[in-house]
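If you want the building blocks of each chain, they are given just below.
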Amino acid sequence: MTFHIRSLRTNPLALGVAILSLALLPASAQTDSEHKKPPARWMNSSLSPDERAALVVKEMTLDEKISLLHGTGSADLGPVSPLAAQSNGGAGYVVGIPRLGIPAIQMSDAAYGVRSSGENGRYSTALPDDLAAAASWDLNAAYEYGALIGRELRAQGYNMSLGGGVNLAREPRNGRTFEYMGEDPILAGKMVGRVMSGEQAQHVLGDIKHYVLNDQESGRNAVNVNIDKRSMRESDLLAFEIGLRESNAAAVMCSYNRVNGDFTCENKYLLADVLKKDWNFKGFVLSDWQGAHSAAKASAAGLDHEEPGEIFYGDTMKKAVQSGQIPMAEVDDHVLRILRSMFATGVIDDPPEKSVVDVVGGFEVAQKIEEQSIVLLRNEHSQLPLEVSKVASIAVIGAHSDVGMLSGGGSAQVDPPGGNAIMPPREGRTTWQAHIWFPTSPLKAIRAKAPAAKVQYNPGTDPASAAALAKASDVAIVFAEQWESEGMDLESLSLPNHQDDLIAKVAAANPHTIVVLETGSPVTMPWAGQVAGILEAWYPGNRGADAVAGVLFGDVNPSAKLPITFPKSDADLPHPLLVKPPKQSTTESGDAEAWKKIAKGLPAFQVTYDEAFKVGYKWYDAERKEVLFPFGYGLSYTSYSYSDLKLISGKIVCLSFRLANTGTRAGAEIAEVYAVLPASAGEPPKRLVGWSKVKLDRGESKEVTIEIDPWYLSVFNVDRDAWQLLPGDYTFLVGSSSRDLPLKESINLK
Ligand code: BGC
């Protein structure tokens, strides 16, 4: 299913559409270039961001205030202001107030790299996708991921990122699963928090999205998600809560969908009660691109800023303020939140200056992160790593692996240097929902690792000829792909285009068959038992092929673990069939009035998350379902042993255990800790509460200590509207995956 409404995604600079009158806009906002020296009072950095913002607000006219509360438009989503001509070419542009020294906000999508670089004649690095980053379970790598994006945003002249996707993978067929951080709220929350911290340390405004429960793309502008409070607090909301607590991200983007009856962007419970009051969020809430549906209701509920234009937060809001329908204090709060975030992240004190993007440095970071993110799922008879001296011939098959590796689409799409590796010349640019291969060639990378071997390519389109090549080779490496994007969901977790058949035929022809997956979601693998090796490489970024070859030939010892369960089949999912919208809840492709219908609110259809907080492994555990590969699973070229678990209970529970590298290579093991809560809690069988990624030389062992945040052991008590640590027996399980936990100790918490 595709949604035409995001199909143009046109750069506002290139517009010739409905134009708002310049006269409607504040004179002060019209020319960013007329910078006057800002009054010193709020430029005094010894004042707090709140004090500085409050000083500015006092000086502002109503028009100036309103000008900060909306963007300047986007061609496919309603009217566009002429001021959009001053946009840096990103997804959002908010005029500055030169008279007061307040710069414009230049926003760019930046999920796995800065978007729209191609159409703007710039370059940006494509990191491995966000789910891949989560597979590293490495908080430092996550920080580096964010820092790189932050640096490249600044180099391109942006001061706000629209990355930070952290919707839980409640529905793994969601076409944006690759933009998110997996199925566990603690892992996802901590990882996105680090990405945000890395970005904001570069003095750009960070943004966490899409708040919340936007867990499927089908009918996203209409769907009403039904879920009870406790379940949402302990699952999807918890990921956001942790991410914000870890990072103080400047912004939260509310999503397109409804939750329990109200659109999230005008949902008082989600915005005012939970986000702003309970979590004490000091930043601002901006709508997803046409996620706003009202002025007064949204403003009272806590929406601070409308994107991309001003359907509600421009003139309509001004009139509502003038008529007393919207109190000025509410407007001031919206403005204050935006300004205090700008002061807090440093975008006013240290505005970005355009510079040359560090391309080479970016390639290195992308490769390093991918090396930590590739998950080794199967390695029968230690087929991997390949020994160069023993392999005389290699068949490289499928997924355009002669020229490139796949990337995820939609507003996350990063433009490949040189254009799409498989498109003919001049068509090598990225267009909305085109399948984009980055020019990182597995065939070349494999040839470079095995220069003496005969390495031959077969496209895999004819399984018989691929099998024949495999049969004639010592080793067959099949690259398989599952493309996904914003604006669509996967029909199923099966590999498309008969790739299962291809793999089965190649595996039947050669027992030394290795499958390398380029997917944004889990996939089913009816052939898993027939192949010798399986690597999940995700959408691997600019340098994917080098990273994959490094793992195949053992220069890199894999150390990643799945941040998401790979089920055996769609039938095992909480909802074997994804709920599709009825016709009236969608808009037609090519309908120029679609944005008006969306603004009004398309008729709702219902999705009920009755699996509640049993997301991912919690569901499979509770249902006692076998899975293909469990959450937290991933192999290494060495082996580890776990022993001597001790629990030390003080104010917080602290665990220590011995982890030994019992194999023949240095490696890094992600040791995972799960807790079983007292039966009275009524929770799923277990939850992840901590982990540590530990580097160990061959033969080395270490005492690992992990402190458990009491919050992670708590349940959300709806009556008290608070987290509660229940008294009772807690069992801690430690090991290498959610289904391999050899160590176990219990403790009673009062
Ligand atoms: C997406 C957001 C994105 C925005 C701006 C929306 O369609 O859902 O994730 O940031 O567009 O491009």
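Residues numbered from 1 in each chain as written. Predicted model: local features only at pLDDT ≥ 70, side-chain atom pairs only at ≥ 80, totals over all residues. Heavy atoms only, no water.

Below, the discussion takes up the environment of Glu611. Within the secondary structure, Glu611 sits in the loop between strand E18 (605–608) and helix H19 (617–622). Considered as a pair, Glu611 and Leu573 are 38 residues apart in the sequence and their alpha carbons are 9.9 Å apart. (Helix = DSSP H or I, 4+ residues; strand = E, 2+ residues; numbered from the N terminus.)

With antiparallel pairing, 4 strands are arranged side by side in an open sheet as E22-E21-E26-E27. Because the sheet does not close on itself, it has two edges, and the strands there are strand E22 (687–696) and strand E27 (743–749). Neighbour to neighbour, the strand axes of the sheet diverge by 20 degrees on average, direction disregarded. (Pairing = 2+ DSSP bridges. Axes fitted to C-alpha atoms, helices over the stretch in contact; angles between N-to-C directions.)

Bringing the state of the cysteines into the picture now. Overall, the coordinates contain 1 disulfide when judged by the stated rule. Each disulfide pairs two cysteine sulfurs, and for Cys254 the partner residue is Cys265, the sulfurs being separated by 2.1 Å. In this structure, the disulfide formed by Cys254 and Cys265 twists by about 110 degrees around the S-S bond and is classed as right-handed. Taken together, the residues Cys254 in strand E6 (residues 251–254) and Cys265 in the loop between strand E8 (262–263) and helix H9 (268–278) connect sequence positions 11 residues apart. Given a relative accessible area of 1%, Cys265 falls into the buried group. (Disulfide = S-S within 2.5 Å. Buried < 20%, exposed > 50% of the residue type's maximum accessible area, 1.4 Å probe, protein only.)

All right, on to unusual backbone geometry then. Between Lys209 and the following residue, His210, the backbone shows a cis peptide bond with an omega angle of -10 degrees. With respect to the secondary-structure elements, His210 resides in strand E4 (residues 207–211). Glu307 connects to Pro308 through a cis peptide bond whose omega is 0 degrees. Structurally, Pro308 can be placed in the loop between helix H10 (296–301) and helix H11 (315–322). Backbone geometry places Leu213, a non-glycine residue, at a positive phi of 65 degrees. Note on placement: Leu213 falls in the loop between E4 and strand E5 (223–226). The exposure class assigned to Leu213 is buried, which follows from its relative accessible area of 1%.

Turning our eyes to something else, we now look at the packing of helix H6 (residues 185–200) against helix H8 (residues 236–247). Two numbers describe how H6 lies on H8: the axes approach to 7 Å, and their chain directions differ by 35 degrees. Between H6 and H8 the crossing geometry is right-handed. Contacts from Pro185, Ile186, Ala188, Gly189, Lys190, Val192, Gly193, Met196, Ser197 and Gln200 of H6 reach H8 at Leu238, Ala239, Ile242, Gly243, Glu246 and Ser247. (Left-handed = near helix turned anticlockwise from the far one by under 90°. Contact = heavy atoms within 4.5 Å.)

Moving on: the packing of aromatic side chains. Geometry of an aromatic ring pair is reported as the spacing of the ring centres plus the angle between the planes. On inspection of all chains with the given rule, the structure shows 15 aromatic pairs. With centroids separated by 5.5 Å and ring planes inclined at 65 degrees, the aromatic side chains of Phe178 and Tyr539 adopt a geometry described as edge-to-face. Here Phe178 is found in the loop between strand E3 (160–161) and H6, whereas its partner Tyr539 is found in the loop between strand E17 (533–536) and helix H17 (544–552), with 361 residues between them in sequence. Judged by its relative accessible area of 0%, Phe178 falls in the buried class. Residue classification places Tyr539 among the buried residues on the basis of a relative accessible area of 2%. Ring geometry for Tyr617 against Tyr674: centres 5.9 Å apart, planes inclined by 85 degrees, an arrangement best described as edge-to-face. In this pair, Tyr617 sits in helix H19 while Tyr674 sits in strand E21 (residues 667–676), placing the two residues 57 residues apart along the sequence. Accessibility assignment for this pair places Tyr617 and Tyr674 in one class, buried. (Phe/Tyr/Trp six-rings, centres within 6.5 Å; stacked < 30°, edge-to-face > 60°.)

This next bit is on the packing of helix H5 (residues 139–155) against H6. Between H5 and H6, the shortest axis-to-axis distance is 6 Å and the interhelical angle comes to 40 degrees. Overall, the two elements H5 and H6 adopt an arrangement that is oblique. In the packing of H5 onto H6, the handedness of the crossing is right-handed. Residue-level contacts link Leu139, Asn140, Ala142, Tyr143, Tyr145, Gly146, Ala147, Ile149 and Gly150 of H5 to Lys190, Met191, Arg194, Val195, Ser197, Gly198 and Glu199 of H6. Class assignment for the residues of the contact of H5 with H6 results in 8 nonpolar, 5 polar and 3 charged. (Parallel < 35°, antiparallel > 145°, perpendicular 65-115°, else oblique. Nonpolar A, V, L, I, M, F, W, Y, C, P; charged D, E, K, R; others polar.)

As for its position among the elements, Ser197 is in helix H6. In this view, Ser197 contacts Tyr143, Glu246 and Ser247; residues no more than four positions away in its chain are not counted.

Ranked by internal contacts, the top residues of the largest apolar core, which has 166 residues, are Tyr211, Leu339, Phe657 and Phe732. Here the element with the most residues in this core is H6; it accounts for 7 residues. With residues up to four places along the chain from it excluded, the contact list for Leu339 reads Ala53, Val56, Val57, Met60, Leu68 and Ile102. If you look at the next biggest cluster of nonpolar residues, it comprises 35 residues, including Ala395, Val523, Met525 and Phe629. (Core = buried A, V, L, I, M, F, W, Y, C linked by side-chain atoms within 4.5 Å.)

It is worth spelling out the confidence of the model for the chain at this point. Of all residues in the chain, 94% have pLDDT values of 70 or greater, and the mean over the chain is 94. Low pLDDT, under 50, characterises residues 1–30; the stretch is placed with 92 contacts to residues that sit more than four places away or in other chains. (pLDDT = per-residue confidence, 0-100.)

So, about the pairing of strand E16 (residues 513–519). A large share of E16 lies buried, amounting to 7 of its 7 residues. The side-chain alternation of E16 yields two buried faces, one formed by Thr513, Val515, Leu517 and Thr519 and the other by Ile514, Val516 and Glu518. Of the crossover connections in this fold, the one passing from strand E15 (residues 475–482) over helix H16 (residues 499–509) to the parallel E16 is right-handed. For E16 and E17, the ladder comprises 4 bridges, and the chain directions are parallel. Bridge pairing in E17 places Val516 opposite Leu535. (Right-handed = clockwise from strand over helix to strand, strands pointing away.)

So, on to the environment of Glu266. Summarising the element assignment, Glu266 is placed in the loop between E8 and H9. If we skip the residues at most four places from it in the chain, Glu266 touches Leu271, His293, Ser294, Lys297, Ala298 and Ala301.

Okay, the side chain of Ser636 next. You can see Ser636 is positioned in the loop between H19 and strand E19 (640–649). Look at Ser636 and you get buried, because its relative accessible area is 18%. At 3.2 Å, the side chain of Ser636 forms a polar contact with the side chain of Asn557. Polar side-chain contacts of Ser636 include one of 2.9 Å to the backbone nitrogen of Thr638. Setting aside chain neighbours within four positions, we find Ser636 in contact with Leu376, Asn557 and Pro558. (Polar contact = N/O pair within 3.5 Å; in protein donor to acceptor, adjacent residues only side chain to side chain.)

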